[in-house]
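Geometric and topological summary
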Amino acid sequence: MRLWAPSLLRIYVGVMCVWLLAPIVIVVILAFSGDGYLHFPPRSLSLQWFTRFFGDVQWQRAMLSSLIIGAIACVVSTTIGFFCAYAFLRVEFPGKKLLLSLLLTPIIVPNIITAIAMYYLAGKLHLIGNFLWLGLCHSVVAMPIVLLILLSALQAVDPNLERAALGLGSSRLRVFFRVVLPIALPGVMSAALFAFLASFDELLISLFLAGVRTQTLPVRIWNSLNLQVEPTIAAVSAFLIAVTCVILGVDGVLRHRRGQRRVGG
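Below is a summary of the structure that appears in this document. This structure is a prediction, so every number in the text was calculated from the model and none was measured.

1. Some thoughts on the overall build of the protein chain
When helices and strands are counted, the protein chain shows twelve helices and zero strands. Taken along its principal axes, the extent of the C-alpha atoms in the protein chain is 70 × 65 × 35 Å. Here the protein chain holds 265 residues, and 37% of them are scored as buried. Across the protein chain, every contact between residues at least 6 apart in sequence was considered, and the portion connecting residues at least 24 apart equals 73%.

This is the structure in structure tokens:
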């Protein structure tokens, strides 16, 4: 059994990976279907559904809304998360663990509960469909991801380097921009990418808070599935999968460069 255990484990992991990836592969194949309806396997291949997706005004608006909201969520969550992570690692204050737990709460609390709470608050403030409000709400969901990444990245910044720079006469602001930020920059970039991805793929909060003019791509897909299932949805899904793969690929490159810098240092 000891001899067979590693092989059985590899087979099990391989089967589970195929099981999980099969729906994604099927959706990507359907996106290139030349049929007039969803049929697998497709009888012919075509780019007509991608052409319809990129040429449709409603899909263009949904994609633009996702980009704007994702950019807002990325900037807000990365900026606040960076200063929070730096404070958690450098400053000792009462209630530190409690505050960190509160910031990580969105990972534990189901998104539906967060979405309902944000919806009631947005209703009272008349902010339903507001781009800035949607971006801020998405940043709440992205914050735990950003915070965990930056806590790991800032641990690579040696406090002795900051003390040395301060001892040589640099101000704290100069130390922050010339010492801390350059060293932690790959981690900051990774956190920003994941924050954008978390916002770009967010559905529940957008369903509650998006108006007619601020429909994001996930919301537009949801509405299309409820009204009419067409192959254009497969093309949009393939586009979202491609965006996710690109962001993960960029993050992998950043992590590789960060590892090379640590080895070189």
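2. Let's talk about the pattern of salt bridges
The final tally for this structure, using the stated rule, is one salt bridge. With a closest N to O distance of 3.3 Å, glutamate 92 and lysine 96 form a salt bridge. Here glutamate 92 falls in the exposed class, since its relative accessible area comes to 70%.

3. A word on the nonpolar core
Core analysis: the biggest nonpolar cluster contains 20 residues, and Phe82, Ala85, Leu147, Leu150, Leu154, Val180 and Ala184 have the highest contact counts within it. Looking at this core, the elements with two or more residues in it are α3 (57-90), α7 (131-154) and α9 (172-200). Residue contributions to this core peak at eight residues, all from α9. Other than its neighbours up to four places away in sequence, phenylalanine 82 contacts Leu150, Leu154, Phe176, Val180, Leu181, Ala184 and Val188.

4. Considerations on the environment of isoleucine 26
Mapped onto the secondary structure, isoleucine 26 falls in helix α1 (residues 5-31). On the accessibility criterion, isoleucine 26 (33% relative accessible area) is partly exposed. Here the alpha-carbon distance between isoleucine 26 and phenylalanine 40, two residues 14 residues apart in the chain, equals 7.8 Å.

5. Describing a nonpolar patch on the surface
Taken together, the side chains of Ile112, Ile113, Ile116, Tyr119, Tyr120, Ile128, Leu204, Leu207 and Trp222 make up a nonpolar region of the molecular surface, amounting to roughly 800 Å² of accessible area. Contributing elements (two or more residues each) for the nonpolar patch: α6 (111-125) and α10 (204-209). Sorting elements by how many residues they give to the nonpolar patch places α6 first, with five residues. Structurally, the position occupied by tryptophan 222 is in helix α11 (residues 217-227). Judged by relative accessible area, which is 39%, tryptophan 222 ranks as partly exposed.

6. Here we look at the environment of arginine 172
Structurally, arginine 172 is set in helix α9. According to the relative accessible area criterion, arginine 172 is exposed, its value standing at 67%. C-alpha of arginine 172 to C-alpha of glutamate 162: the two residues are ten residues apart in sequence and 8.5 Å apart in space.

7. A few points about the side chain of lysine 96
Within the secondary structure, lysine 96 sits in helix α4 (residues 96-103). Of note is the side chain of lysine 96, whose polar atom sits 3.3 Å from the side chain of glutamate 92. Here lysine 96 is in contact with Phe88 and Val91, once residues within four sequence places are set aside.

8. Thoughts on α9
Over its 29 residues, α9 extends only 35 Å from the first C-alpha to the last, a length that falls short of the 42 Å expected when each residue adds 1.5 Å. A maximum bend of about 60 degrees is found in α9 at leucine 185, where proline proline 186 lies one to four positions downstream.

9. Comments concerning the packing of aromatic side chains
Enumeration over the complete set of coordinates arrives at 14 aromatic pairs. When the ring of phenylalanine 82 is compared with that of phenylalanine 176, the centres are 5.4 Å apart and the planes differ by 75 degrees; the resulting orientation is edge-to-face. One end of the pair, phenylalanine 82, is in helix α3; the other, phenylalanine 176, is in helix α9, and 94 residues separate them in sequence. Judged by its relative accessible area of 5%, phenylalanine 82 is buried. Of the residues examined, phenylalanine 176 reaches a relative accessible area of 13% and is grouped as buried. Between phenylalanine 83 and phenylalanine 176, the aromatic rings sit 5.6 Å apart at their centres with planes inclined by 15 degrees, giving stacked as the arrangement. Highlighted residues: phenylalanine 83 in helix α3 and phenylalanine 176 in helix α9, separated in sequence by 93 residues. Clustering of aromatic rings is evident, with ring pairs tying together Phe82, Phe83, Tyr86, Phe176 and Phe177.

Criteria and cut-off values
Just so you know, the residues in each chain are numbered from 1, in the order the chain's sequence is written. At least 70 in pLDDT is required for a residue's local features to be given in this predicted model, at least 80 for side-chain atom pairs to be given and counted, and no such filter applies to totals for whole chains, interfaces and linings, which use all residues. Derived side-chain values reflect all non-hydrogen atoms in the structure, with water molecules and hydrogen atoms excluded from consideration. Starting at the N terminus, helices and strands are each numbered in turn, a helix being any DSSP run of H or I of at least four residues and a strand any DSSP run of E of at least two. Throughout, exposure labels follow a simple rule: accessible area from a 1.4 Å probe, protein chains only, divided by the maximum for the residue type, with under 20% read as buried, over 50% as exposed, and the rest as partly exposed. In this description, contact between two residues means that some pair of their heavy atoms is separated by no more than 4.5 Å. Between Lys or Arg on one side and Asp or Glu on the other, a salt bridge is scored when a side-chain nitrogen of the former is within 4 Å of a carboxyl oxygen of the latter. We call a set of buried residues a nonpolar core when its members are Ala, Val, Leu, Ile, Met, Phe, Trp, Tyr or Cys and they connect through side-chain atoms within 4.5 Å of each other. Each patch is built from residues that are more than 30% exposed by relative accessible area and take part in no salt bridge. Like charges join if they lie within 9 Å; nonpolar side chains (Val, Leu, Ile, Met, Phe, Trp, Tyr) join within 5 Å. Here the Shrake-Rupley method, with its probe set to 1.4 Å, supplies the accessible areas, and only the displayed protein chains count as covering residues. Polar contact is defined as a pair of N or O atoms within 3.5 Å, subject to the rule that within protein one atom must be able to donate a hydrogen and the other to accept it, and that residues adjacent in sequence are counted only when both atoms are side-chain atoms. Multiplying 1.5 Å by the helix residue count minus one yields the expected span of that helix. Working definition for bend: take the seven residues up to and ending at a residue and the seven starting at it, fit an axis to each, and measure the angle between the axes. Two rings from Phe, Tyr or Trp (for Trp, the six-membered ring) form a pair when their centres sit within 6.5 Å of each other. Planes less than 30 degrees apart are called stacked, planes more than 60 degrees apart edge-to-face, and all others tilted.

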